[in-house]
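Read off the chains here:
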Amino acid sequence: QVQLVESGGGLVQPGGSLRLSCAASRTIFNSYAMGWYRQPPGKERELVAAFSRGGNTAYAGSVKGRFTISRDNAKNMVYLQMNSLKPEDTAVYFCNAKAPFTSLPDYWGQGTQVTVSS
């Protein structure tokens with residue numbers, strides 16, 4: 001079954017903002033470390049922002065100060081607020097749930113396209 005579903009992508013001009021949302025199942029949300037990855041065209045998938053299981057946050061250097069990851073525990077949702085968007089932010093953005101044990105699989109959303117262009 002689908003465990004993660006992203007939404008909120010779209011076309012935005014440079015300097016604009018978008019807010020991505022990731023809806024997770026309750027069991028996944030409560031036990032897995034949630035984060036966001038992105039994959040630009042023709043490039044490898046890279047970490048953008050993530051929570052550790054202890055609640056700390058980490059950001060890629062290219063987005064720190066512009067992007068903010070947050071969560072709503074009551075709604076089993078994780079968000080990525082993206083401000084001051086640049087053309088190089090163009091990518092498919094994926095929600096990720098990292099398993100608490102190596103014996104369990106990680107989960108990925110289907111991805112949502114973010115295009116930053118004038």
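None of these values were measured; they are calculated from a predicted model. (Residues numbered from 1 in each chain as written. Predicted model: local features only at pLDDT ≥ 70, side-chain atom pairs only at ≥ 80, totals over all residues. Heavy atoms only, no water.)

Here we look at the side chain of Thr 112
Next up, step 1: Topologically, Thr 112 is positioned in strand β11 (residues 112-116).
Next up, step 2: Once residues lying within four places of it in the same chain are set aside, the contact partners of Thr 112 are Glu 6, Ser 7, Gly 8, Gly 9, Leu 20, Ala 91, Val 92 and Tyr 93. (Helix = DSSP H or I, 4+ residues; strand = E, 2+ residues; numbered from the N terminus. Contact = heavy atoms within 4.5 Å.)

Digging into the state of the cysteines
Next up, step 1: Counted according to the given criterion, the structure contains one disulfide.
Next up, step 2: With its sulfur 2.0 Å from that of its partner, Cys 22 forms a disulfide with Cys 95. Here Cys 22 and Cys 95 share a disulfide; its torsion about the S-S bond, -85°, makes the bridge left-handed. One end of the pair, Cys 22, is in strand β3 (residues 18-24); the other, Cys 95, is in strand β9 (residues 91-98), and 73 residues separate them in sequence. Of the two residues, Cys 22 and Cys 95, both sit in the buried class. (Disulfide = S-S within 2.5 Å. Buried < 20%, exposed > 50% of the residue type's maximum accessible area, 1.4 Å probe, protein only.)

Some words on the sheet that holds strand β1 (residues 4-7)
Next up, step 1: Strands sit in the order β1-β3-β8-β7 across an open sheet of four strands; the sheet is antiparallel. At either margin of the open sheet sits one strand with a lone partner, and together these are β1 and β7 (67-72). In this sheet, neighbouring strand axes are inclined to one another by 15° on average, regardless of whether the strands run parallel or antiparallel.
Next up, step 2: In this structure, β3 lies alongside strand β8 (residues 77-82), joined through six bridges in antiparallel fashion. Across the sheet, the residue bridging to Cys 22 is Val 78, located in β8. (Pairing = 2+ DSSP bridges. Axes fitted to C-alpha atoms, helices over the stretch in contact; angles between N-to-C directions.)

Things to note about the side chain of Gln 3
Next up, step 1: By secondary structure assignment, the location of Gln 3 is in the segment before β1.
Next up, step 2: For Gln 3, the side chain forms a polar contact with the side chain of Ser 25, separated by 2.8 Å.
Next up, step 3: In this structure Gln 3 touches Ala 23, Ala 24, Ser 25, Ile 28 and Tyr 107, once residues within four positions along its chain are discounted. (Polar contact = N/O pair within 3.5 Å; in protein donor to acceptor, adjacent residues only side chain to side chain.)

Quick word on unusual backbone geometry
Next up, step 1: You will see that Asn 76, though not glycine, has its phi angle at about 55°, which is positive.
Next up, step 2: Within the fold, Asn 76 resides in the loop between β7 and β8.
Next up, step 3: What makes Asn 76 buried here is its relative accessible area of 14%.
Next up, step 4: Despite not being glycine, Ser 84 has its phi angle at roughly 50°, a positive value.
Next up, step 5: Mapped onto the elements, Ser 84 comes out in the loop between β8 and β9.
Next up, step 6: On the basis of relative accessibility, which here comes to 40%, the residue Ser 84 falls in the partly exposed class.

Topic: the pattern of salt bridges
Next up, step 1: Evaluated as defined, the whole model comprises two salt bridges.
Next up, step 2: Between Asp 89 and Arg 38 there is a salt bridge, with the nearest N and O atoms lying 2.9 Å from each other. Residue Asp 89 is located in the loop between β8 and β9, and its partner Arg 38 is located in strand β4 (residues 33-39); the two are separated by 51 residues in the primary sequence. Here Asp 89 and Arg 38 have matching classes, each one buried. (Salt bridge = Lys/Arg side-chain N within 4 Å of Asp/Glu carboxyl O.)

A closer look at the nonpolar core
Next up, step 1: The biggest cluster of nonpolar side chains holds 28 residues, and the ones touching the most others in it are Met 34, Trp 36, Leu 80, Met 82 and Tyr 93.
Next up, step 2: Counting residues per element, the ones that place at least two in this core are β3, α1 (26-31), β4, β5 (46-51), β7, β8, β9 and β11. (Core = buried A, V, L, I, M, F, W, Y, C linked by side-chain atoms within 4.5 Å.)

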